[in-house]
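Chain by chain, the residues:
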Amino acid sequence: MGITVILGQMAVIAVLVAIGVFLGLRGTVDAVSSKSISTIVIDICNPALMLTTVLSGSITADHSDLLTAGAVAIIFYGVLVLIGILLPMLLRVEKDNRRFYNVMCVYTNVGFIGIPVAHAVLPPNGMLCVLVCNVMYSLLFYTHGVAVLSGNKEKIRPSKILSPGTIAAVLSILIVWFEIRLPDVVNEMVSYVGNATVFLSMMLLGVSIARSRLWEALRDARIWLFILLRMMVLPALLAVVLRLLGMDPVIVAGMCLMATMPVGNIPLIQAEKMGEDTSILSRAIAMTTVVSIATITCFMAVLA
């Protein structure tokens, strides 16, 4: 995909986010309706969008490509787990708060933001990286992530791994692997639902920005340093390493896109359930989300 197309797609996404900011500031979409729409996007629209991509038949990857994407994603998340331990120490985060920075490193928004953005800016085969990263995210968060946030006190519930998003990602991988074809009426139905994802998710992102305490995050030097290292330096190093290894440029673009994603909101929700102070997570989500529009645009333009 050329640089002009990338910039055009990101400009469209920025406009959709701006619409959300406007609706949030006006109060048209309040906290209650935002939560309801978020549930629809996460549990219905996002899974449908993943399935739409593979059911369309536009993915031409073979078994080797799928295995390569899976292997890269496993190594990538293994490295993130290690960085999650080391980066908080490098940033000199207080010991009690290191667990928050730990999960911020590992659990970015590869689903709610990653899926629609990838659908907009990546070629079809690039969605393989998105699918495997979403599977890895779910497998890790409800085991490793919950353990880190709770200081190994919270009970791990494997059943939580089986979310609609994880199930859809696994199904999508199986469809690609076995080259499954479904009736056109099924493909069309899934497509109608999935096509609502980009607008709804970007609109909700704007609403979230409108409600966030962005000014507080802007004054937090540690979050700026986190953004530099986690969202800029890491994706750049990842791109260099994958290119040196001779990886398919589509896989390089897909993995780098996943690496530039902002901090996800699931760790925040989990921390709230445990009665933790979520101020660090909320500031990081707000700031990284705003900055990600620029960083994603830059990285995708360079990799185009």
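Since the structure is predicted, the reported quantities are computational estimates derived from the model, not experimental observations. (Residues numbered from 1 in each chain as written. Predicted model: local features only at pLDDT ≥ 70, side-chain atom pairs only at ≥ 80, totals over all residues. Heavy atoms only, no water.)

## Remarks on the side chain of Thr108
Of note, Thr108 is situated in the loop between helix H4 (98–106) and helix H5 (114–121). Under the relative-accessibility criterion, Thr108 is labelled buried at 4%. Excluding anything up to four places from it in sequence, Thr108 contacts Tyr137, Arg230, Met258, Met261, Pro262, Val263 and Gly264. (Helix = DSSP H or I, 4+ residues; strand = E, 2+ residues; numbered from the N terminus. Buried < 20%, exposed > 50% of the residue type's maximum accessible area, 1.4 Å probe, protein only. Contact = heavy atoms within 4.5 Å.)

## A look at the packing of aromatic side chains
Inspection of every chain in the model, using the stated rule, returns six aromatic pairs. On the numbers, 5.5 Å between centres and 80° between planes, the contact of Phe76 with Tyr77 is edge-to-face. Residue class for Phe76 comes out buried when judged on its relative accessible area of 7%. With 6.3 Å between their ring centres and 20° between their planes, Tyr137 and Phe141 make a pair best called stacked. Of this pair, Tyr137 and Phe141 are both found in helix H6 (residues 127–150), four residues apart, which corresponds to roughly one turn of the helix. Take Tyr137 and Phe141: they sit in the same class, and that class is buried. Put simply, the rings of Tyr107, Tyr137, Phe141 and Tyr142 touch in pairs and so form one group of aromatic residues. (Phe/Tyr/Trp six-rings, centres within 6.5 Å; stacked < 30°, edge-to-face > 60°.)

## Description of the state of the cysteines
Put plainly, a disulfide is one covalent bond tying together the sulfur atoms of two cysteines. Tallied over the full model, the rule gives zero disulfides. Cysteine Cys105 shares no disulfide, and the gap to the nearest cysteine sulfur, in Cys133, comes to 16 Å. The exposure class of Cys105 is buried, given its relative accessible area of 0%. No disulfide involves Cys133; its sulfur sits 6.5 Å from that of Cys129, the nearest cysteine. Residue classification places Cys133 among the buried positions, given a relative accessible area of 0%. (Disulfide = S-S within 2.5 Å.)

## So, the pattern of salt bridges
This model, assessed by the stated rule, comprises three salt bridges. Arg222 is the salt-bridge partner of Glu94, the closest N and O atoms lying 3.4 Å from each other. Of the two residues, Glu94 is situated in the loop between helix H3 (63–90) and H4 and Arg222 in helix H11 (residues 221–244); the sequence distance between them amounts to 128 residues. A residue is classified by how much of its surface remains accessible, and Arg222, at 27% relative accessible area, is partly exposed. Its salt-bridge partner being Arg283, residue Asp220 comes within 3.4 Å of it at the nearest N-O pair. Of this pair, Asp220 sits in the loop between helix H10 (214–218) and H11 while Arg283 is found in helix H14 (residues 279–303), placing the two residues 63 residues apart along the sequence. (Salt bridge = Lys/Arg side-chain N within 4 Å of Asp/Glu carboxyl O.)

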